[in-house]
Amino acid sequence: MGRMTHVLTALAWPYANGPRHIGHVAGFGVPADVFARYMRMRGHDVLMVSGTDEHGTPILVQADSEGLTAAEAAAKYNRIIVEDLDALGLSYDLFTRTTTGNHYQTVQELFTTLYGNGYILQKKTLGAISPSTGRTLPDRYIEGTCPHCGFDSARGDQCDNCGRQLDPTDLIDPKSRINGETPKFVEEDHFFLDLPAFADALNAWLDTRTGWRTNVLRFTKNLLDEMHPRPISRDLDWGVPIPLEGWVDRPDKRLYVWFDAVIGYLSATIEWARRSGDPEAWKRWWQDPEAVSYYFMGKDNIVFHSEIWPAMLLGANGEGAGGGEPGALGKLNLPTEVVSSEFLTMEGKQFSSSRRVVIYVRDFLERYSPDALRYYICAAGPENQDSDFTWAEFLRRNNDELVAGWGNLVNRSIAMAAKNFGAVPEPGELEDVDRELLAATRTAFDTVGDLIGANKVRAGIGEAMKAVAAANKYLADTAPWKMKEDPKRQGTVLYTVLQAVSDLKTIMSPFLPHSSQRVHELLGGEGVFAPMPYIEEVADLDEGGATDGPYPILTGDYSDVPKWESVPLVPGTVLEKPTPVFTKLEPSIVDEEIERLNA
RNA sequence: GGGGCAGUAGCUCAGCUGGUUAGAGCAGGGGACUCAUAAUCCCUGGGUCGCGGGUUCAAGUCCUGCCUGCCCUACCA
């Protein structure tokens, strides 16, 4: 990557049918934020965008169950999710929604371009609808008796008992899981994205990809062996209208939620640009061939980001088998890398809101600090394989690593300097041990930085913690508390360890921004060290969406971030006796939390 | 049914294109120190690398079969 590059950091769009749990933020939020924060510190022009995904049947189902309209339910959960992501310190440039007028326009623009280039087919299909509402009933919401094994609550797409894939019309005595009525199977007109037309172009593109996690690449290549046209419309009254004559005014036809949701990356960038006062600014991330884009998500979303979204972009660029011309948005960049995480499980079980195997972000942050959660996710998250969250492990990671390692280093070194000098001491001649410690933390900038850049967050924070251990060892070896009779040497040692702490707070800041800010202040620093996002209430920029009034966006000013480098401490800077940066937890929380889960 | 990933010390995990006695952190045991949220530092025991075949001078690492878990298979990261 060159000196200054435009880096789009695109995070999966949380679905707004409920609060998000810690598995969600482990999958897309924290890893992406670490990456974005680091890239900014390296001087790149980062844009981090996402928003809530608010269309589709599950929103309608949730709204019905709460006696709300879809727009009300979406707004409610949008706000909750925004507050949670803010509390975690995820440094979005814009976190918006898919119900904005701007999003509707962008989606329709892309549809129109794809349609004009001939990549959208119209076909008749047999689909299930709910007789009482006229809405499409997704296969998953239909249950009945499995024709193969007789299991009586097989779903329309698959039998959970025998594992066979089903067609809902195969089910004996099908019923809606939403209200128990018998679905009606009707012949409907729908639009399809002509995925097979992109097989060659996608293969060629994938062959140019480097650095992807092997499982993501392998999975994607496998998908390309068998591609079918994919429906992009539904019989629903909630979603983006289809921008074709004879369709756009129909209240019962909408674009399928996945089609509009992936376009959010583009529409959110455009919204950000318009709000920034430079409406053309979005092009720097989407049209500049030198710009790069990293997409973060959980593994269940790989197909949308590595196959379908690139296919849509190719189609809009006129680069599928049928050719064509770029539309009004010009020629758009395909993803540089699709960074997919695996899944976090919870005490050995899969997260499930309905079975109450869940820890919501909000509940977690009511009792524990955001950096405690961020540390756990960075150090033990599901990066390359599923990982299990247990409260016992959380306790251990927090107390034995974060508090006893990094927190203790900060506390002991600043406390000693404050007590003996009241300031950053003036160093004398450095000895070999001193130089070795400083060299070790300087080296950590490179090793940790390279790992973050390669999206190896676990290894990255592990290396950072090794540097922490080296500083603790340095103190054990030099024992400055025994140097009362030699204040000059004591000052040199304390200066050295404080410089190491200062470097480490910089290195830690992508992972643990809240506590790095605290360490910055404990070292006598002023101003913002690790910038935080904030919530702003805004009005929709355009008519025609479904936002239902002002809504909260998450944004921030990250223009003045510190550089990813060692900054010399200034001797004489006043130091106060520090208060602990991290909270040590009582072992009893393990039982309390497990009790809470079972309550 | 099809496909992907994983199965390495008590626990959580590293082990890239196969190559000397398989590594780390934590937990356990022993010791040192006292600046610090009893934190820190040093030493230390512990593994038939899921199971069975095969390729090779050589396999945790490649091939094959099986077992187990997770995920995708057209709307939950």
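Scroll up for the structure.
Rules used throughout
Residues numbered from 1 in each chain as written. Chains lettered and ligands numbered in written order. Predicted model: local features only at pLDDT ≥ 70, side-chain atom pairs only at ≥ 80, totals over all residues. Heavy atoms only, no water. Helix = DSSP H or I, 4+ residues; strand = E, 2+ residues; numbered from the N terminus. Buried < 20%, exposed > 50% of the residue type's maximum accessible area, 1.4 Å probe, protein only. Contact = heavy atoms within 4.5 Å. Areas by Shrake-Rupley, 256 points an atom, 1.4 Å probe, with all protein chains shown as cover. Lys, Arg positive; Asp, Glu negative; His and termini not counted. Charge placed at Lys NZ, Arg CZ, Asp CG, Glu CD. Core = buried A, V, L, I, M, F, W, Y, C linked by side-chain atoms within 4.5 Å. Domains from an automatic or database assignment. Near = heavy atom within 4 Å. Polar contact = N/O pair within 3.5 Å; in protein donor to acceptor, adjacent residues only side chain to side chain. Nonpolar A, V, L, I, M, F, W, Y, C, P; charged D, E, K, R; others polar.

J.: Hey, could you go over the overall build of chain A for me, with residue numbers and the actual values?
T.: Secondary structure summary: chain A contains 17 helices and 18 strands in total. The principal-axis extents of the C-alpha atoms in chain A amount to approximately 90 × 55 × 45 Å. Expressed as a percentage of the 599 residues in chain A, the buried residues total 57%. Excluding contacts between residues fewer than 6 apart, the proportion of contacts in chain A whose partners are at least 24 apart in sequence is 77%. As displayed, chain A has an accessible area near 24,300 Å², and 48% of this comes from carbon and sulfur atoms. For chain A, the distance from the average site of its 58 positive side-chain charges to the average site of its 86 negative ones is 4 Å.

J.: Quick one: what's the story with the nonpolar core, residue by residue and with numbers?
T.: Membership of the largest hydrophobic core comes to 180 residues, with the highest contact counts inside it found for Trp286, Trp309, Met312 and Trp406. Composition of this core by domain shows at least three residues from each of domain 1 (6–137 + 183–341) and domain 2 (391–530 + 569–598). Discounting chain neighbours no more than four positions away, the residues touching Met312 are Leu110, Leu114, Leu193, Trp258, Phe259, Val262 and Ile263. Core analysis: the second largest hydrophobic core is formed by 7 residues, Ala128, Leu137, Tyr141 and Cys146 among them.

J.: Give a description of the protein's contact with RNA strand B that names residues and reports values.
T.: For RNA strand B, the set of nearby residues contains 55 residues, the closest of which are Tyr256, Asp300, Gln350, Asp386 and Lys584. Expressed as a percentage, the sugar and phosphate content of the atoms of RNA strand B within 4 Å of the protein is 66%. The separation between a sugar or linking oxygen of RNA strand B and a polar main-chain atom of Gly298 is 2.5 Å. Between RNA strand B and the protein, one listed contact pairs a phosphate oxygen with a side-chain N or O atom of Asn301 at 2.7 Å. Contributing elements (two or more residues each) for the surface near RNA strand B: helix H1 (22–41), helix H6 (214–224), strand E9 (230–231), strand E12 (292–298), helix H12 (391–420) and helix H14 (457–478). For the surface near RNA strand B, the element with the highest residue contribution is H12, accounting for 10 residues. When the residues that make up the surface near RNA strand B are grouped by side-chain class, the tally is 20 nonpolar, 18 polar and 17 charged.

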